[in-house]
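Next come the chains, spelled out residue by residue.
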Amino acid sequence: MPFPRPVPKPVIDTSRCTGCGWCVPTCNLHLLSLEPQGWKKFSVLSDMDACTGCRKCAVRCPFDAITMVVPQG
Ligand code: SF4
Ligand code: SF4
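None of the values given here were measured: they were computed from a predicted structure.

**Description of the site of ligand 1**
Link 1 in the chain: If you check the shell around ligand 1, you find 14 residues, and the closest are Cys 17, Cys 20, Gly 21, Cys 23 and Cys 61.
Link 2 in the chain: More than half of the atoms belonging to ligand 1 lie within 2 Å of the grid points that define the largest cavity.
Link 3 in the chain: The residue inventory of the shell around ligand 1, partitioned by class, reads 10 nonpolar, four polar and no charged.

**Quick notes on the pairing of strand β3 (residues 40-45)**
Link 1 in the chain: Bridging between strand β2 (residues 32-37) and β3 involves six bridges; their strand directions are antiparallel. Looking across to β3, one finds that Ser 33 is bridged to Val 44.
Link 2 in the chain: Where β2 folds back on β3, the antiparallel hairpin that results is connected by two residues, among which Gly 38 adopts a positive phi of roughly 70°.

What counts as what
- Residues numbered from 1 in each chain as written.
- Chains lettered and ligands numbered in written order.
- Predicted model: local features only at pLDDT ≥ 70, side-chain atom pairs only at ≥ 80, totals over all residues.
- Heavy atoms only, no water.
- Near = heavy atom within 4 Å.
- 1 Å grid on protein atoms, 1.4 Å probe; cavity = no way out; pocket = protein on both sides within 12 Å on 5 of 7 lines; lining within 4 Å.
- Sits in = over half its atoms within 2 Å of the grid points.
- Nonpolar A, V, L, I, M, F, W, Y, C, P; charged D, E, K, R; others polar.
- Pairing = 2+ DSSP bridges.
- Helix = DSSP H or I, 4+ residues; strand = E, 2+ residues; numbered from the N terminus.

Next up, the structure:
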């Protein structure tokens, strides 16, 4: 059996995320939402396993806050 291809997942850099929300509607699976953390809001991935790694959210982010990373382990 070949190993399944590793799926990269979006990692959101909260030091770059402005909370603009542009990434949220790009996810067809509705996996991204803005969550308040302190007095700011950041994009948060709700279900890592459901994410297909399509990268749409990362491409959409105008602030380069989303990096696609293959989870280790
Ligand atoms: S598009 Fe980028 S900056 Fe805007 S909420 Fe999403 S991750 Fe944050
Ligand atoms: S990579 Fe695709 S499936 Fe995963 S959160 Fe981003 S838009 Fe949704």
